[in-house]
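Below, each chain spelled out in residue letters.
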Amino acid sequence: MTSPVRLALLGCGTVGSDVVRLLHEQSADLAARIGAPLEIAGIAVRRVGRDRGDLPVDPALFTTDPLGLVKRDDVDVVVEVVGGIEPARTWLVEALRAGKSVVTANKALLAEDGATLHDAAAEGGADLYYEASVAGAIPLLRPLRESLHGDRINRVTGIVNGTTNFILSAMDATGAGFAEALEEATELGYAEADPTADVEGFDAAAKAAILASLAFHTRVTAADVHREGITEVTAADVASAKAMGCTIKLLCIAARGADAAGRETVSVRVHPAMIPLTHPLAGVGDAFNAVFVEAEAAGQLMFYGRGAGGAPTASAVLGDVVAVARNRLAGVHAASESAYADLPVRPMGEALTRYHISLDVADRPGVLEAVAGVFARHEVSIATVRQGPAGGADAELVIVTHVAPDAALAATVRELRGLDIVRSVTSVLRVEGGA
Ligand SMILES: NC(=O)c1ccc[n+]([C@@H]2O[C@H](COP(=O)([O-])OP(=O)(O)OC[C@H]3O[C@@H](n4cnc5c(N)ncnc54)[C@H](OP(=O)(O)O)[C@@H]3O)[C@@H](O)[C@H]2O)c1
């Protein structure tokens, strides 16, 4: 058989240890698929002495010098499962410039500065694969960058964060508030001790940037993504959604559009939204992920599965390892980054959305007219108005709008809050998916 393809594994935590396990358990199959055996040249970690259980690997392979490992002449492919921006960027740029292909699960780095990695890959003639960075085990990036390359993608809507999906699903199922559902998620191991990256939408925003870049052939970074988390979603919001035949999900949405001059643009955003129960994403419960892709010729496609966890993520990493190892043996490289379209990213205020607004108003004649006047002033057209049960001198109004620029909708809500006849604006949620 051909000489082995030698891997430098950077990181041996939740994902890295399962990469080691799968490499061991499937070594014969992987070798047959690649045409050469895979061998671990070294494993860089922070603490060599850490107890790693019964990991099937020679302890002598561990090192605390990732850069030294990357630079070794006997390393062909670098697998990075450490995370963070630095020093990971330095290691990967070093590898790529030296012509060593890289497989990484590092969504934060790709979303913040993917351009530097892609440029280094082009410079070194190396492959850069990162399937595991978005939606764990779900094959999604390769379909976007290969299978759908003959098509035109118009919109990508995803549930790409398992922690928040678990929390929102629990709120929907039990009527619990956010804090109670977060506590349950933490107890069950679905939320980290510091859940900020998940519940504030940072993790989903990084994934949104990666998905938008691939879908629209445009460099999109995390800073381009409008981000809102789920900490403000209340039990009352969830109940309102239910009353409308909807559920609330934290969505990442990347969509084509056009600016006032008719120039093509993209908008990329992460925020909670109501979706109708008939939408394919509505049934994605617990910590599962799913991404709904709308393409010109292919139509609607849905990708569903486990978006995190050691073994599912390691599966995606190994799929990439097989691809880059085969390319290496064949002396070829995957197509480089496709960013030719270079579309401008539209500010959130210009994104077209719909709002669901619940108001407590004074229950007296002329109120509806005054409220409708505010919408008209901001050129927001109302789709439905429902009057809830009166409570003493107050009444509840539930208004769903047609599509309008987000800035106009936000300005409408601001003005409503200032009206004497509006006692309070009890819930404001965006509506997606045609409810
Ligand atoms: N966990 C998931 O479900 C999941 C899913 C998708 C993507 N990812 C991504 O995969 C990557 C790894 O995640 P993880 O959950 O496996 O993380 P983790 O469990 O915290 O493991 C991190 C590993 O990196 C090592 N490490 C940390 N800093 C280092 C440094 N400066 N030099 C050398 N080694 C260092 C740690 O060494 P020690 O072992 O000595 O501590 C550990 O082995 C991240 O980019 C993450 O976003 C994770």
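The structure this text deals with has already been given above.
Below is a summary of the structure that appears in this document. Fair warning: this is a prediction, and the values are worked out from it, not measured in the lab.

Focus on the site of the ligand
(1) Moving on: With respect to spatial proximity, 23 residues lie near the ligand, and among them C12, R47, R50, R52 and G309 are the closest.
(2) Moving on: Take T14: an N or O atom from its main chain is 2.9 Å from an oxygen atom of the ligand.
(3) Moving on: Taking V15, its main chain carries an N or O atom lying 2.8 Å from an oxygen atom of the ligand.
(4) Moving on: Within the complex, the protein chains bury 79% of what would otherwise be the 900 Å² of accessible surface of the ligand.
(5) Moving on: Residues of the shell around the ligand, tallied by class, amount to eleven nonpolar, seven polar and five charged.

Brief notes about the sheet that holds strand β4 (residues 77-80)
(1) Moving on: Taking strand neighbours across the sheet as the criterion, the six strands line up as β3-β2-β1-β4-β5-β6 in an open arrangement whose pairing is parallel. Two strands close off the open sheet at either side, each with one partner strand: β3 (62-63) and β6 (128-129).
(2) Moving on: Where strand β1 (residues 5-10) meets strand β2 (residues 38-44), six bridges bridge the pair, whose relative direction is parallel. For R6, the partnering residue across the bridge sits in β2 and is E39.
(3) Moving on: Contacts from helix α12 (residues 310-330) reach β1, β2, β4, β5 (101-104) and β6 within the one sheet, and its direction differs from that of β5 by about 170 degrees.

Describing the state of the cysteines
(1) Moving on: All chains considered together, the criterion is met by zero disulfides.
(2) Moving on: With no disulfide of its own, C246 lies 19 Å from the sulfur of C252, the closest cysteine sulfur.
(3) Moving on: A residue is classified by how much of its surface remains accessible, and C246, at 2% relative accessible area, is buried.

Examining empty space enclosed by the protein
To find leftover empty space, a probe the size of one water molecule is rolled over the atoms.
(1) Moving on: For the structure on display, the rule yields two cavities of 30 Å³ or more.
(2) Moving on: For the largest cavity, the calculated volume is near 40 Å³.
(3) Moving on: As for the largest cavity, its lining consists of Y129, Y130, E131, L141, R142, R145 and D320.
(4) Moving on: In terms of residue class, the lining of the largest cavity is made up of three nonpolar, no polar and four charged.
(5) Moving on: Here the second largest cavity defines a volume of roughly 30 Å³.
(6) Moving on: Lining the second largest cavity, in full, are G158, I159, V160, N161, T164, A204, L250, L251 and C252.
(7) Moving on: Among the secondary structure elements, those contributing two or more residues to the lining of the second largest cavity are β7 (153-159) and β9 (246-258).
(8) Moving on: With three residues, β9 is the single largest residue contributor to the lining of the second largest cavity.
(9) Moving on: For the lining of the second largest cavity, the class distribution of residues is six nonpolar, three polar and no charged.

What counts, and at which threshold
- Residues numbered from 1 in each chain as written.
- Predicted model: local features only at pLDDT ≥ 70, side-chain atom pairs only at ≥ 80, totals over all residues.
- Heavy atoms only, no water.
- Near = heavy atom within 4 Å.
- Polar contact = N/O pair within 3.5 Å; in protein donor to acceptor, adjacent residues only side chain to side chain.
- Areas by Shrake-Rupley, 256 points an atom, 1.4 Å probe, with all protein chains shown as cover.
- Nonpolar A, V, L, I, M, F, W, Y, C, P; charged D, E, K, R; others polar.
- Pairing = 2+ DSSP bridges.
- Helix = DSSP H or I, 4+ residues; strand = E, 2+ residues; numbered from the N terminus.
- Contact = heavy atoms within 4.5 Å.
- Axes fitted to C-alpha atoms, helices over the stretch in contact; angles between N-to-C directions.
- Disulfide = S-S within 2.5 Å.
- Buried < 20%, exposed > 50% of the residue type's maximum accessible area, 1.4 Å probe, protein only.
- 1 Å grid on protein atoms, 1.4 Å probe; cavity = no way out; pocket = protein on both sides within 12 Å on 5 of 7 lines; lining within 4 Å.
- Points joined across faces, edges and corners; volume = space filled by probe spheres on them.

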